Amino acid sequence: MSKPHTLFVEVDKDAVLYDEQYLCLSAFTLPSGVKVPDAYAGKNENENFIVAAQERLRQAVVALHVYRLIEGNAWLNLREITARGDRYGADVEFNTKADAMLWKLSQ
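> Run through the pattern of salt bridges, naming residues and quoting values.
Evaluation of the coordinates by the stated rule reveals five salt bridges. The shortest N-O distance in the salt bridge between glutamate 55 and arginine 84 comes to 3.0 Å. With glutamate 55 in helix H3 (residues 47–70) and arginine 84 in strand S2 (residues 75–84), the pair connects residues that are 29 residues apart, well separated along the chain. Here arginine 84 falls in the exposed class, since its relative accessible area comes to 58%. Linked by salt bridges that have partners in common, Glu55, Arg56 and Arg84 make up one network.

> Which residues make up the pairing of S2, and what are the values?
Note: S2 against strand S3 (residues 87–94), seven bridges, orientation antiparallel. Residue threonine 82 lies in a different strand from S3, and its bridge partner there is glycine 89. Taking the residues that link successive antiparallel strands as the turn, the S2-S3 hairpin has two residues, and the phi of glycine 85 there is positive, at about 60°.

> Requested: an account of the environment of methionine 101, with residues and values cited.
You can see methionine 101 is positioned in helix H4 (residues 97–106). Residue class for methionine 101 comes out partly exposed when judged on its relative accessible area of 30%. Spatially, the C-alpha atoms of methionine 101 and leucine 7 are 8.8 Å apart, while their sequence positions differ by 94 residues. Methionine 101 has contacts with His5 and Leu7, leaving out every residue within four places of it along the chain.

> How would you sum up helix H1 (residues 13–25)? Please name residues and give values.
In this model, H1 (13 residues) spans 18 Å end to end at C-alpha, consistent with the 18 Å of a helix rising 1.5 Å per residue. Val16, Glu20 and Cys24 are the residues of H1 that are buried. In a view along the axis of H1, the buried residues occupy a sector of 70°, so they form one face of it. Away from its buried face, by an angle of more than 90 degrees, H1 presents the exposed residues Asp14, Tyr18, Tyr22 and Leu25. Its side-chain oxygen 3.3 Å from the backbone nitrogen of aspartate 14, aspartate 12 forms the N-cap of H1.

Here is what the cut-offs are and how they apply
Per chain, residues are indexed from 1 in the order of the written sequence. The model is predicted, so local features are restricted to residues of pLDDT at least 70 and side-chain atom pairs to those at 80 or more, both for listing and for counting; the totals for chains, interfaces and linings are taken over all residues. Each side-chain value is derived from all of the structure's non-hydrogen atoms; neither hydrogens nor water enter the calculation. One speaks of a salt bridge when a side-chain nitrogen belonging to Lys or Arg is within 4 Å of a carboxyl oxygen belonging to Asp or Glu. Secondary structure elements follow DSSP: runs of H or I no shorter than four residues count as helices, runs of E no shorter than two count as strands, and numbering proceeds from the N terminus. Between buried and exposed lies partly exposed: a residue is buried under 20% and exposed over 50% of the maximum accessible area for its type, with that area taken using a 1.4 Å probe on protein chains only. Paired strands, in this sense, are two strands between which DSSP finds at least two bridges. Contact between two residues is taken to exist if any of their heavy atoms lie within 4.5 Å; hydrogens are not considered. Each residue after the first adds 1.5 Å to the expected span of a helix. The directions from the helix axis to the C-beta atoms form the arc being described. Whenever a nitrogen or oxygen atom comes within 3.5 Å of another N or O atom, the pair is scored as a polar contact, on the condition that within protein one atom can donate a hydrogen and the other can accept it, and that pairs from neighbouring residues in sequence are kept only if both atoms are in side chains.

This is how it looks when you write it as structure tokens:
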């Protein structure tokens, strides 16, 4: 049986940042009553919370973009999500090296 193979799947940084800003600026309220824009408006005195929240939201948006790219392919897991500098994407664990190369060739 073949071993899983990990491949970095890169996504468009500008699209991620646009989607992140859209979420931050929208009037989106969570079921618990927390308003998403309030967490990013600087009204919170704990600036470390704001930075951590922005980083986690960006990673979530990156994951959504990666999921869209690998949809319909044989993959197992997202290993590490990267959203810093010019490198936006995730290490995706495919079932086999052949599955990873097939995905890469289809791009």
